[in-house]
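Spelled out from the first residue to the last, the chains are:
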Amino acid sequence: MAGRRGGSVSSAEASLLAAGTGGVEELCEHLADDTVAWALLRWEVGSGTFVRSKLVAIHFNGEEVPAVRRGRLNARSGEVLAMLGEAHATLEVKRKEDLHLDFMCERLMKVLTADVMEKSMSAEALRKDYEALIAERKLRKATSQKSVGPRTAKENQKQISVDRALAAVGDATGPYNWVLLEPEKFELHNAGYGGLLEMKVWLAEDLVLFGVIRFTFGRETASSVEGMTASPKVVKYIFVHWVGPNVSAVRRGKWNAKQQQADAQVRAICSITFRREAHSLDDLDLADLISELWRLAVVDGAITDAGKSQISVEEYMASLALEQQKQLEAELEEFGSDSASRMCTDLHTCVDSVREAGGEMNWVLLGMQKREAPAQAAGAKEAAANAKKAEEERLAKEAAANAKKAEEERRVKETAANAKKAEEERLAKEAAANAKKAEEERLAKEAAANTKKAEEERLVTKAAAEAKKAEEERLATKAAAEAKRAEEERLAKEAAANAKKAEEERLATEAAAEAKKVEDERCAREAAANTKKVEEERLAKEAAAEAKKVEEEGRAKEAAANTKKAEEERLAKEVVQGEPASSRPRADSPFLTEEARPSESVISTRSSRPGQASTEPRMSGPLKLKSGWGWWWAKRHVKLTGGKLQWWRKAAEGLPDVEYRLSDGLTRWVLARHEGTDLEMRCESRDNHHGSKAVGERVILRAPSEAEAQKWKDALMEQMEYVEMLLAWPMHLDGRQGDIRNYGIEYP
C-alpha cells in the first residue's frame, strides 16, 4: 500500500483545485486537514489610490495526512511554489481552523505595513481594512456581472414611471435604493438596487442630475438568543445634486435653478436627512457620507444608541448585500438559471489573475493529482464536466440562497461574536480615545509652544519699539532743550542791551514776549516735523512764491514804477552833484531797521557805479546760522555774491544747499538787527502784502568776531542797496549801466 501511494505521489502533477474572489475565508472553505495543498493569496491593504497588494504563499500541511505521504508531498513543495511564483511572505498551516483573518494579520503585520503611510496600524485595523476591501470587491464584481440580466431600470428596458421609481426608493424594502432624475422635465435617468457604487456609474459628466439614495443599516429580525431584543433597522435618505464637470456655464445655471423643485418632489415620498452637491465622484465617498449620517443621528437624537452603533460602512454593506440577494432571487426567477457565474478552470490563468494587482481572482489553490491513462483521462474530463455543471448549478442556486445563508450564519455567529465584538469595540474605542488624547496633547503642546513663541516675539518687538520711542523722545527733548537754551540766551542779551532806555526796554520786552510766544509755537511745530523734509518744504515755498508772483505781477509793477520814479528823481539830483548816494549805505537806508541802524562812524564811504556784476564773492567764509524749520545753530560755509546769499554744509563745492536772492520785484531782505556778532535778516514784501509764505522768514548769522560781523553787515548792505539801485536805475539796460538780470532778477 505504501509503495502504491509513493508511486501515485511521484507520478502526480500539480493541478488546480479551486480559485475565487472571497479572500481568506473563501479559501479556507476548500481546505481539509487530511490533505496537503498549496495556495497563493493576494492580500490588499489601503484604499483608493493607496491600495497596496502583497502576495502570500500558503503551504497547507494537513496534520491528519499520513506521515510518509505527507513527507513525499512536502518534498515536491518547491516545485509547486515555483509554479505560484515569488511571494512577499510564505506561511505553513497544519490545521484548517488556524487559517483565519486574525492569524494572517498577526503573522503579516511587518510585511503588510512596510510601505503603508500609517506605520502604527494595528492588526485589528488591518483586519477591518481587508474585510471592507473584500466586500467592495464582491460588490463591484456583482455590479459588473450580467449573468442574471440587466440590473438597473434602463438595462431591464422596463417602462417605469418617475413616481413609481421614487416610491420604490421611498419604501424601506422597495426594489430600488437609488434613482436619478434629469433636469429638464424630471424624467427618469435611471434607477437601481446596487447602492452608491452603482449609482456613481450612471453620473454623466455632461449633465446636471437630481437624485436620492436610500441607506439601510441593520436588519429587522428577531434574535435567536433568549432575552435579547430584535435589532432595529435604520433607514436614511440623502438627496444628491450632481453637477457634471463638462457642463457649460449657461446650461449649469439653467439646470441648477431646478434644484428646489426636484428637492420638493423627492421630499414628497421620503424624509431627506441631508443634501450633498457633487462636482466629481470623489465628492460622493461612501465613508464620508456614512460619517455625516452618523453625526446627524447623534445630534438629532432621533434613534436609539443601538441604532447609532449600526450606522457604519460594514452594516451598510451587509444590508445592501441582503437587498441585492433579495432582488437577485427575483431576477433569477425571471431570467432563469442560465445566468450562473462560471469559474476559471485554467491553472496558469488563475495564477496570473491572482498575481495581477486588481485581478478578478485573489486566491488560487493547487494540489497533487495522479496522472491517468487516456481512458481514465476521458472519464476524468467527463467527471470534470459533470462537476463543472454541478458547480454552475450550485452557483446559480447560491445567488438565491445567499441572503438566507447569510442571515442563518449571522444568527449562529451572533451569540459567540457578541462578547468578542464588544471587547473589540471597547479596545477600538480605547485606542481611538488614546490616539485622540495623544493628538490633543500634541496639539495643546504645539499651541502652547506657538503661543510662547508669539509672546516672546511680541515682547521683543515691544521692547525694540519702546527703546526706539525712548531714543526719539530723548533726541527730541535734547533738541528742544538746546533750542530753548539758545533762544533764552538771545533774549537775555537783548534784554541787557535794551536796559538803558525805558521806552526801548518796554518795546523790547513786548517784542521779546511776542517773539517768545511765536518762537515757542514755532518750535513746538518744528520739533514734530521731520527734519529730512526741510529742503522739500523750502522748494514748496519757492514754488508758491512764484505762483503768487504771477498773481501779484500787476501790483508789483505799479509799486516798482512808483519806486523807479522816486529813485529817478533822486538819482537825477545826485548826478548833478557828481556822486550817487546809493553807492554807499545810508543811515536812513530802507534795508536797516531801527535796531540795526549804525552810527555815522561805521557807515561805509565806499562809492560805486552801476555796471557788470563781479564774479568774485563779496564775502565768503564759515558762519553759524539759524534758518528754516530747523531753528538751531548750525555751522555752514556762507558766500555773498551777485546779490545772492548762499551756503553749503561744508566747502563751497557744487550747487549750494540754500540760496536766497536779496532783492527782486516782489520781496526784499532787510537787516533787522545787528548785535555783537549776530546779524538778523528778515524777508518782507515791497508793498507790505503778506500773501507769500516767504514773507516774514528769518535768518540769523553769527560771525566769529564783532569785526567780522561788521564786515558782513557792510557787505550785505552794499549788495542790497546796489541791487535795489539797479532795479530803480532810470536809464536803459544797454550802455554803461549794469544789467540786473546778471543777478537773476527780472526787470519789473
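Residues numbered from 1 in each chain as written. Predicted model: local features only at pLDDT ≥ 70, side-chain atom pairs only at ≥ 80, totals over all residues. Heavy atoms only, no water.

Under an unreviewed UniProt entry, the name given to the protein is PH domain-containing protein, and the organism recorded is Durusdinium trenchii.

Enquirer: It is not clear to me how the pairing of strand S5 (residues 178–181) should be interpreted in this structure. Could you clarify?
Expert: Two faces belong to every sheet, and in a regular strand the side chains alternate between them. Alternating residues of S5 divide into Trp178 and Leu180 and Val179 and Leu181, and every residue in both groups is buried. Bridge analysis of S5 against strand S6 (residues 188–192) gives four bridges, and the strand direction is antiparallel. Pairing of Leu180 across the sheet is with Asn190, part of S6. Connecting S5 to the next strand, S6, in antiparallel fashion are six residues, including Phe186 with a positive phi near 55 degrees. (Buried < 20%, exposed > 50% of the residue type's maximum accessible area, 1.4 Å probe, protein only. Helix = DSSP H or I, 4+ residues; strand = E, 2+ residues; numbered from the N terminus. Pairing = 2+ DSSP bridges.)

Enquirer: Please clarify how the pattern of salt bridges should be interpreted in this entry.
Expert: When their charged atoms lie close together, side chains carrying opposite charge are able to pair. All told, the structure shown has 32 salt bridges when counted by the stated rule. Taking the shortest distance from any N to any O, the salt bridge between Arg276 and Asp288 comes out at 3.0 Å. With Arg276 in strand S9 (residues 274–278) and Asp288 in helix H13 (residues 286–300), this pair connects stretches of sequence that are 12 residues apart. Between Arg442 and Glu439 there is a salt bridge, with its nearest N and O atoms 2.4 Å apart. Of the two residues, Arg442 and Glu439 are both situated in helix H17 (residues 374–497); the distance of three residues between them amounts to about one turn of the helix. (Salt bridge = Lys/Arg side-chain N within 4 Å of Asp/Glu carboxyl O.)

Enquirer: It is not clear to me how the confidence of the model for the protein should be interpreted in this structure. Could you clarify?
Expert: One rule of thumb: low pLDDT means the predicted coordinates there are not for detailed reading. When pLDDT is averaged along the protein, the result is 77; 72% of the residues meet or exceed 70. In this model residues 1–7 is a low-confidence stretch, pLDDT under 50, and it forms five contacts with partners more than four residues away in sequence or in other chains. (pLDDT = per-residue confidence, 0-100. Contact = heavy atoms within 4.5 Å.)

Enquirer: How do you make sense of the nonpolar core when you look at a structure like this?
Expert: Of all hydrophobic cores here, the largest spans 50 residues; its most connected members are Val212, Ile213, Phe215 and Tyr316. Those residues in contact with Ile213, other than ones at most four positions away along the chain, are Asn177, Trp178, Gly195, Leu196, Met199, Lys236, Tyr237, Ile238, Val240 and Tyr316. (Core = buried A, V, L, I, M, F, W, Y, C linked by side-chain atoms within 4.5 Å.)

Enquirer: What's the story with the sheet that holds strand S17 (residues 698–702) in this structure? I'm lost.
Expert: The strands that make up a sheet are held in pairs by hydrogen bonds between backbone atoms, and each pair lies either parallel or antiparallel. Reading across the sheet, the seven strands line up as S14-S13-S12-S11-S17-S16-S15 and stay open at both edges, with antiparallel pairing between neighbours. Lying at the two open borders of the sheet, with one neighbouring strand each, are strand S14 (658–661) and strand S15 (667–675). Pairwise comparison of adjacent strand axes, ignoring direction, gives a mean angle of 30 degrees for this sheet. (Axes fitted to C-alpha atoms, helices over the stretch in contact; angles between N-to-C directions.)

Enquirer: Looking at this structure, how should I read the sheet that holds S6?
Expert: Pairing is mixed across the open sheet formed by five strands, whose spatial order is S6-S5-S7-S8-S9. If you trace the sheet from one side to the other, it starts and ends with S6 and S9, each paired once. Across the sheet, the mean angle from the axis of one strand to that of its neighbour is 15 degrees, orientation sign disregarded. Alignment of S5 against strand S7 (residues 208–217), held across four bridges, turns out to be antiparallel.

Enquirer: Any chance you could explain the packing of aromatic side chains here in plain terms?
Expert: How two aromatic rings sit relative to each other is given by the distance of their centres and the angle of their planes. The full count for this structure, using the stated rule, is seven aromatic pairs. Centre to centre, the rings of Phe215 and Phe217 are 6.4 Å apart; their planes meet at 15 degrees, and the pair counts as stacked. Comparing Phe215 with Phe217 shows no difference in burial state: the two are buried. Seen in terms of ring centroids, Phe215 and Tyr316 are 4.8 Å apart; in terms of plane orientation they differ by 35 degrees. Their pairing is tilted. A residue pair is termed long-range when its members are at least 10 positions apart, and Phe215 in strand S7 and Tyr316 in helix H15 (residues 313–335) qualify at 101 residues. The exposure class assigned to Phe215 is buried, which follows from its relative accessible area of 0%. Its relative accessible area of 3% is what places Tyr316 among the buried residues. By way of ring pairs, the aromatic residues Phe186, Phe210 and Phe239 are connected into one cluster. The side chain of Arg702 reaches across the aromatic face of Trp633, ending 4.0 Å from its centre. (Phe/Tyr/Trp six-rings, centres within 6.5 Å; stacked < 30°, edge-to-face > 60°. Lys NZ or Arg CZ within 6 Å of the ring centre and 35° of its normal.)

Enquirer: Before we go on, may I ask you to explain the side chain of Glu519 in this structure?
Expert: Secondary-structure assignment places Glu519 in helix H18 (residues 502–528). Residue classification places Glu519 among the buried positions, given a relative accessible area of 2%. Reaching out from Glu519, the side chain makes a polar contact with the side chain of Trp631 at a distance of 2.6 Å. If sequence neighbours within four positions are ignored, Glu519 has contacts with Glu487, Trp631 and Arg698. (Polar contact = N/O pair within 3.5 Å; in protein donor to acceptor, adjacent residues only side chain to side chain.)

Enquirer: What am I meant to see in the pairing of S17 here?
Expert: S17 sits mainly inside the fold: four of its five residues count as buried. Here four bridges tie strand S11 (residues 619–627) to S17, and the two strands are oriented antiparallel to one another. Across the sheet, the residue bridging to Leu625 is Leu701, located in S17. For strand S16 (residues 678–685) and S17, the ladder comprises five bridges, and the chain directions are antiparallel. In the strand pairing of S17, Arg682 is matched with Arg698.

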